[in-house]
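Working through the structure, step by step
Given next are the chains, with one letter for each unit.
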Amino acid sequence: MSSLRVKQSGKLVKEIILDEAKIYLAGRKEGADIYMEAGKAISREHFVLKFDQAWTVEVLSRFGDIQFNNDRVRQFTLQEDSVFSIYPYDFEFIKEDSKEILAPQTMQPMQPKFDIPLVAQENVIVGDADEFEKTRVGGISYLPHIQFMDDNQFLQNLVVLSDQNEWVAGREASCEILIDDHRVSRKQFKITREGNNYFIVDLGSVNGTSLNSRALTPNEATPVKSGDRIQVLDTMMIFELKNKDFDNELKKIQDANFQNLEHTNLPALHTGMSIAHTQATQNSLVHYTSEQAPLPSLYQNQNQGMPPYVDQNALNYNYQQAPMSEGEFEEYDETGADKKKQIRLVLIVAVVLVFMFVGYSEFLAPKKATKVANPSDPFSKLSPSELSLLKQSYEIATDYYFKKSYQLSYDEAQKIIKKLEDTGIQYKKTKFGLEVDDLLKNATIAIEAQREIDRHNKEMEIKQKQEQIVSTVYNECEKKLGSNPEMSMGEYDECARDAVMINPEHPQHQAAVLKIQAHIEEKNRKAAEQKSYRERVAKLKSIYDRAHSSEKSGNLLQAIDEYKVVLRQDLPDPEELKDISHRKIASIQKMISSKSSKYVEDGEKFANQKKYKDAIDQFRRAQKVNPLDGSFEDRIASLKRDLAKEIKPIWDESVIEEQYNQVECMENKSCAIKKWKEILEMDVKDGEYYSKAFVKLKKYGAH
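Scope of this entry: the structure provided in the associated data block.

Attention shifts here to the overall build of the protein chain. Scanning the protein chain from N- to C-terminus turns up 17 helices and 24 strands. The buried share of the protein chain, reckoned over its 703 residues, is 38%. Taking the contacts inside the protein chain whose residues are at least 6 apart along the sequence as the reference set, 51% of them involve residues at least 24 apart. Counting only carbon and sulfur atoms, one obtains 50% of the accessible surface of the protein chain, whose full area is about 42600 Å².

Okay, the packing of aromatic side chains next. Across all of its chains, the model carries 17 aromatic pairs by this definition. Relative to Phe239, the ring of Tyr198 has its centre 5.4 Å away and its plane inclined at 55 degrees; by these criteria the two rings are tilted. Placement of the pair is Tyr198 in strand β18 (residues 197-202) and Phe239 in strand β23 (residues 235-243), with a sequence separation of 41 residues. Taking the relative accessible area as the measure of exposure, Tyr198 reaches 7% and is therefore buried. Through a chain of ring-to-ring contacts, three or more aromatic side chains come together here, namely Phe47, Phe68, Phe76, Phe84, Tyr89 and Phe91.

What follows is about the pairing of strand β6 (residues 55-59). Along β6, 4 of the 5 residues are buried, which leaves the element largely enclosed by surrounding structure. Note that strand β5 (residues 47-51) and β6 share 5 bridges and pair antiparallel. Looking at the pairing, Lys50 lines up with Thr56 of β6. Counted along the chain from β5 to the antiparallel partner β6, the turn is 3 residues long, and its residue Gln53 has a positive phi close to 70 degrees. Pairing of β6 with strand β9 (residues 75-77), which is carried by 3 bridges, proceeds in the antiparallel orientation. When the bridges of β9 are listed, Glu58 appears paired with Gln75.

Tracing the sequence through the fold places Glu657 in helix α15 (residues 631-659). Among residues more than four places away in sequence, those in contact with Glu657 are Gln662, Val663, Ser670, Cys671, Ala672 and Lys675.

Backbone hydrogen bonds are what pair the strands of a sheet, in a parallel or an antiparallel way. Here we have 5 strands laid out as an open sheet, ordered β4-β3-β5-β6-β9, and mixed in their pairing. Two strands lie at the open edges of the sheet, namely β4 (34-35) and β9, each paired on one side alone.

Counting 25 residues, the largest nonpolar core has Ile616, Leu639, Leu643, Trp676, Ile679 and Tyr689 as its most contacted members. For this core, the elements supplying multiple residues, two or more each, are α14 (612-625), α15, α16 (672-682) and α17 (690-699). At 8 residues, the largest contribution of residues to this core is made by α15. Not counting residues up to four positions away in its chain, the partners in contact with Leu643 are Tyr612, Lys613, Ile616, Met682, Asp683 and Val684. Within the second largest apolar cluster, 24 residues are counted, among which are Tyr24, Ala26, Val73 and Phe76.

When two helices pack together, their arrangement is given by the angle between the helix axes and the distance between those axes. The interhelical angle for the contact between helix α13 (residues 577-608) and α15, taken along N-to-C directions, is 15 degrees, at an axis separation of 12 Å. In terms of their interaxial angle, α13 and α15 are classed as roughly parallel. Like other packed secondary-structure pairs, α13 and α15 cross with a definite hand, here left-handed. From α13, Ser596, Val600, Glu604 and Ala607 reach across to α15, where they touch Phe632, Arg635 and Leu639.

For the structure on display, the rule yields 2 disulfides. Here Cys665 connects covalently by a disulfide to Cys671, the sulfurs 1.7 Å from one another. On the basis of relative accessibility, which here comes to 43%, the residue Cys665 falls in the partly exposed class. What links to what in the protein chain: the bonded cysteines, counted in sequence order, pair as 1-2, 3-4.

Orientation of α15 relative to α16, taken along the N-to-C sense of each, is 160 degrees, at an axis distance of 8 Å. Put simply, α15 runs roughly antiparallel to α16. The handedness of the crossing between α15 and α16 is left-handed. Facing α15, whose interface residues are Leu643, Glu646, Ile647, Ile650, Trp651, Glu653, Ser654, Glu657 and Glu658, α16 presents Ala672, Lys675, Trp676, Glu678, Ile679 and Met682.

The 6 strands are arranged β2-β1-β11-β10-β7-β8 in an open sheet whose pairing can be described as antiparallel. Each having just a single partner strand, β2 (11-17) and β8 (72-73) make up the two edges of the open sheet. Note: strand β7 (residues 66-68) against strand β10 (residues 83-86), 2 bridges, orientation antiparallel. In the sheet register, Gln67 faces β10, and the bridge partner there is Ser85.

On inspection of all chains with the given rule, the structure shows 32 salt bridges. Residue Arg193 is joined to Asp163 by a salt bridge in which the shortest nitrogen-to-oxygen separation is 3.2 Å. Here Arg193 is found in strand β17 (residues 189-194), whereas its partner Asp163 is found in the loop between β14 (155-160) and β15 (166-170), with 30 residues between them in sequence. The exposure class of Asp163 is exposed, given its relative accessible area of 64%. The partner of Arg183 in a salt bridge is Asp181, with the nearest N and O atoms 3.0 Å apart. On the accessibility criterion, Arg183 (38% relative accessible area) is partly exposed. Several salt bridges converge on common partners, so that one network encompasses Asp181, Arg183 and Asp234.

Turning our attention to the environment of Ser174. Inspection of the secondary structure assignment puts Ser174 in the loop between β15 and β16 (177-178). The spacing of Ser174 and Lys187 is 13 residues in sequence and 9.4 Å in space, taken between C-alpha atoms. A polar contact of 2.9 Å, which involves the side chain of Ser174, links it to the side chain of Glu172.

This part is about the pairing of β17. Bridging between β15 and β17 involves 4 bridges; their strand directions are antiparallel. Residue pairing in the sheet places Ala169 in a bridge with Phe189 of β17. Here β17 pairs with β18 via 6 bridges, running antiparallel. Its bridge partner being in β18, Thr192 is matched across the sheet by Phe199. Counted along the chain from β17 to the antiparallel partner β18, the turn is 2 residues long, and its residue Gly195 has a positive phi close to 70 degrees.

Along α16, the positions that sit buried rather than exposed are Ala672, Ile673, Lys675, Trp676, Ile679 and Leu680. The buried side chains of α16 occupy one side of the element, clustering within an arc of 165 degrees when seen end-on. In α16, the exposed residues that point more than 90 degrees away from the buried face are Lys674 and Glu681.

Let's shift gears to unusual backbone geometry. Along the chain, Tyr87 connects to Pro88 via a cis peptide bond; the corresponding omega equals 5 degrees. Residue position: Pro88 is located in the loop between β10 and β11 (89-94). Not every positive phi belongs to a glycine, and Glu576 is a case in point at roughly 55 degrees. Residue Glu576 is classed as partly exposed on the basis of its relative accessible area, which comes to 48%.

Analysis parameters
- Residues numbered from 1 in each chain as written.
- Predicted model: local features only at pLDDT ≥ 70, side-chain atom pairs only at ≥ 80, totals over all residues.
- Heavy atoms only, no water.
- Helix = DSSP H or I, 4+ residues; strand = E, 2+ residues; numbered from the N terminus.
- Buried < 20%, exposed > 50% of the residue type's maximum accessible area, 1.4 Å probe, protein only.
- Contact = heavy atoms within 4.5 Å.
- Areas by Shrake-Rupley, 256 points an atom, 1.4 Å probe, with all protein chains shown as cover.
- Phe/Tyr/Trp six-rings, centres within 6.5 Å; stacked < 30°, edge-to-face > 60°.
- Pairing = 2+ DSSP bridges.
- Core = buried A, V, L, I, M, F, W, Y, C linked by side-chain atoms within 4.5 Å.
- Axes fitted to C-alpha atoms, helices over the stretch in contact; angles between N-to-C directions.
- Parallel < 35°, antiparallel > 145°, perpendicular 65-115°, else oblique.
- Left-handed = near helix turned anticlockwise from the far one by under 90°.
- Disulfide = S-S within 2.5 Å.
- Salt bridge = Lys/Arg side-chain N within 4 Å of Asp/Glu carboxyl O.
- Polar contact = N/O pair within 3.5 Å; in protein donor to acceptor, adjacent residues only side chain to side chain.
- Arc of directions from axis to C-beta.

Dropping the structure here:
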């Protein structure tokens, strides 16, 4: 029975045995037969898979086409081993007669009669090409890498991990994997190596670490494999293992071929003589004959069902004859023609060897084998990953367009056009290029239309702002007029000048003129009242200024008392000084509490370390900052008692030494004077033993 494999970011997440009587719904909708996690390019009901003489895929999403055979399609029929994609998902259709490749398939390789040097290999096991962890090649050394990806899934930065067994990631500069994000923990996670296995451990970070979209349990090791995605907040990384000896091994093969050139006996092509075995070179490569050397499984699988290649000219050769004699070789060497043919043959052999080694190395690499580019395809200049990213960009640009984010759509389409132009692709001669070009034109038209709308809205906004200015100015001037009935018409016109220039006939302006005229009539009566008012306002301001001055000079407790005096005044407060004073009191009290709390914290830290003298000093500083807190005195007394307990054994020993006349310090002998000096350093000046030790030292003239 046919089946469908679902892979997310290259990892197999589900395999469905297909029932021809059922229609399968795929999308991010809960209860979908093929559930896909929410993403930019995934709809709730994205596509259906149904059987109608053959299995067919039909897209339901309005914008999310499917990538199939390097094209964006909305309906297609599945064939054997068909693969289609919706980023980041890949779907592989397996017919009932298809067989998964679980191990290398044997095939009959070509049988040339010369030796092929290949890299020594042990236990090559090939499974799913997307799962690097199923590939094991003995003798190959892999180097771990961390790839930092940008928002468009392009490589942003590559970090090659050094040859050690642990690498830490975080924003701290000492981390081997530095993450440039202030929200990331100093030490976010670490990667460890145990033999050939790698593990990732979240180091109890604040925002957590996810592996392949799954959150890691803090401080718990989780296996990590090549191709796995690691995400911390907005930072996306890919863990990869790469063969660090690839370039060296390739060079060895090339050097081996040309070093053996002068030692190889080559026959004239027309003689039908056999090719002599190449002498073994002194390098790290194992030397096989063609019968011994197996072809890489990658090429075996590619040639299944195809007849092996046979050189028709080689059928005329007699491979059983002995190599030509020395005289025969010299005869042809005189003409020079055969020697050129010999060099051509050696170069052909070298090219074949390099081709086989490169193919084998690609087989060993932890990535999926790519298809051979079709020269007639205009997109053959792009790699599959580049083509996939371009199509994802087109989907994003289309999504932006229908969401009316026209500038974003235009920018995304421009990126695609630039990439195609830089690659030398005549995109206007392709269906995909025309779609992108049409989207670019539509986005341009939409942007211009949007600009017209924006211009109209700007004009309306300016008009509204002018009305707001008029209203605000008149309201402000009206407020000043209300607080200052002495305002003349000239003063009011100066205040309302900006509003009068816009609308001099505004009702508020007319009302203000009438109000000013009415106030002029009562000017004399209110003169005394206004004078008293100003004096009372000035008095409150004077009290406030005194409190503010005390605060600036550092007399915080005095400033609090004076701000409280401001609050108790029954005086007019047009400047809202009482509210300011209330906030000032709260701010100063918070400052005092903060300072004293810091001293208390340091004091307790010293106390825990049994540095009682330093602890007492910190609590006394806290007491000086906040003398109203009586708890400091109690804590100081407690610390002095603890300090006395520490000093008492030293004092008792000094007393005994004094009784036995061991006051002066002799060589290799303990003495009382040394202990008294030690007590002075340990105890505070008002401590229980400080004064006693001081008296003793003074008595013996040691102080």
